[in-house]
Amino acid sequence: MEPIKQLIEKQEVDQFTRSAAIRTLVILVVQEIIPLEEVIEYFEKLFLTVFATKDSKTDLEWEGEYVFWTELVINSSILCPEELKEYIERAFDEDLIEPFFFGRDEFNDNLQAGSEANLNELREDERYSLIKDTISEIGYWACFEENQPKNLNNNLTGIEGFSRSGKKTSKSKAKKKKKMQKESRRKNRGKKK
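To start, this report covers the structure provided alongside it.

This paragraph deals with the overall build of the protein chain. Assigned secondary structure in the protein chain consists of 10 helices and zero strands. Within the protein chain, buried positions represent 30% of all 193 residues. Considering only contacts in the protein chain between residues 6 or more positions apart, those separated by 24 or more positions represent 65%. Accessible surface computed for the protein chain: about 14200 Å², of which carbon and sulfur atoms make up 51%.

The structure is reproduced here in structure tokens:
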């Protein structure tokens, strides 16, 4: 778990990546690989650390962490521990999470259902399962489609430095220049004799 924790705690890492790491811990609980109590304890430590550093950050820095906070609150509420309830409520009170993705009603629903019911529901959800076959998991991504156009038609050709044929043009220019230099040297050698 240490590499996952390091990824979550490293603030220089993209917030979407940090958020995925938070979800990873819940997936490991859902799959019964790590104990629920261990993740609850870690999330409590995370809340305490993040709230402690909150006052030293600017509003702009906090705006950039909505995804991280929202993911922390969602995954904490799935686990439904009493230990985290006050931190989750504080996050709502201080508007640290994006209400479009998760609201107090959903939090209260999770609390009412209880952690065991929430975890059982997630065991049926593919997004909370382990990847068994990477190719089948990502094979549908557009970048792997055979029918992808080879040359994308973009409108950058009118901007200086961009051309429709890309590197081929610059390679052909380099070849022409080299050829002209070679011919010039040959002519200059002929004049010296």
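Next comes the rest of the description.
The next point concerns the environment of Ile40. Structurally, Ile40 can be placed in helix α3 (residues 36–54). When the C-alpha atoms of Ile40 and Glu82 are compared, they prove to be 9.7 Å apart, with 42 residues separating the residues in sequence. Beyond its immediate chain neighbours, meaning those up to four positions away, Ile40 contacts Leu79, Pro81, Glu83 and Leu84.

Okay, the packing of helix α2 (residues 15–30) against helix α5 (residues 66–79) next. Describing two packed helices takes the angle between their axes plus the distance from one axis to the other. Two numbers describe how α2 lies on α5: the axes approach to 8 Å, and their chain directions differ by 10°. With respect to α5, the axis of α2 lies roughly parallel. Residues Gln15, Phe16, Arg18, Ser19, Ile22, Arg23, Val26 and Val29 of α2 lie in contact with α5, whose contacting residues are Tyr66, Val67, Phe68, Glu71, Leu72, Asn75, Ile78 and Leu79. Along the lines of polarity and charge, the residues of the contact of α2 with α5 split into 10 nonpolar, three polar and three charged.

This next bit is on the side chain of Ser77. Inspection of the secondary structure puts Ser77 in helix α5. Take Ser77: its relative accessible area is 1%, and that puts it in the buried class. Those residues in contact with Ser77, other than ones at most four positions away along the chain, are Ile88, Phe102, Phe107, Asn110 and Asn118.

Right, let's talk about the packing of aromatic side chains for a bit. One pass over the full model with this rule turns up seven aromatic pairs. Following the ring pairs from residue to residue traces out a cluster consisting of Phe47, Trp69 and Tyr87. Its guanidinium or amino end placed over the ring of Phe68, Arg18 lies 3.9 Å from that ring's centre, counting from NZ or CZ.

This next bit is on the pattern of salt bridges. Under the definition given, this model contains eight salt bridges. The shortest N-O distance in the salt bridge between Glu9 and Lys45 comes to 3.7 Å. Note that Glu9 is positioned in helix α1 (residues 2–9) and Lys45 in helix α3, a separation of 36 residues in sequence. Accessibility expressed as a relative area gives 46% for Lys45, which makes it partly exposed. Overlapping salt bridges, with partners in common, bring together Glu32, Glu116 and Arg123 in one network.

To continue, consider the environment of Ser77. The sequence separation of Ser77 and Leu111 amounts to 34 residues, and the corresponding C-alpha distance is 6.9 Å. Only 3.0 Å separates the side chain of Ser77 from the side chain of Asn110, close enough to count as a polar contact.

Attention shifts here to a nonpolar patch on the surface. A contiguous nonpolar surface patch, about 390 Å² in accessible area, is contributed by Tyr140, Trp141 and Phe144. On the secondary structure map, Phe144 appears in the loop between α9 (134–138) and α10 (167–192).

Relative to the 22 Å expected for 16 residues at 1.5 Å per residue, α2 spans 23 Å between its end C-alpha atoms, a close match to the ideal helical length. Within the sequence span of α2, burial applies to Gln15, Arg18, Ser19, Ala21, Ile22, Leu25, Val26, Ile27, Leu28, Val29 and Val30. Looking one or two residues beyond α2, the residue adopting positive phi is Glu32, at roughly 60°.

Viewed as axis vectors pointing N to C, α2 and helix α8 (residues 115–123) meet at an angle of 95°, and their least axial separation amounts to 9 Å. By the angle between their directions, the pair α2 and α8 is classed as roughly perpendicular. Here Val26, Val29 and Val30 of α2 lie close against α8, whose contacting residues are Leu119, Leu122 and Arg123. Looking at the contact of α2 with α8 residue by residue, the classes come out as five nonpolar, no polar and one charged.

Cut-offs applied
Residues numbered from 1 in each chain as written. Predicted model: local features only at pLDDT ≥ 70, side-chain atom pairs only at ≥ 80, totals over all residues. Heavy atoms only, no water. Helix = DSSP H or I, 4+ residues; strand = E, 2+ residues; numbered from the N terminus. Buried < 20%, exposed > 50% of the residue type's maximum accessible area, 1.4 Å probe, protein only. Contact = heavy atoms within 4.5 Å. Areas by Shrake-Rupley, 256 points an atom, 1.4 Å probe, with all protein chains shown as cover. Axes fitted to C-alpha atoms, helices over the stretch in contact; angles between N-to-C directions. Parallel < 35°, antiparallel > 145°, perpendicular 65-115°, else oblique. Nonpolar A, V, L, I, M, F, W, Y, C, P; charged D, E, K, R; others polar. Phe/Tyr/Trp six-rings, centres within 6.5 Å; stacked < 30°, edge-to-face > 60°. Lys NZ or Arg CZ within 6 Å of the ring centre and 35° of its normal. Salt bridge = Lys/Arg side-chain N within 4 Å of Asp/Glu carboxyl O. Polar contact = N/O pair within 3.5 Å; in protein donor to acceptor, adjacent residues only side chain to side chain. Patch = residues over 30% accessible without salt bridge, like charges linked within 9 Å, V, L, I, M, F, W, Y side chains within 5 Å. Expected span 1.5 Å × (residues − 1).

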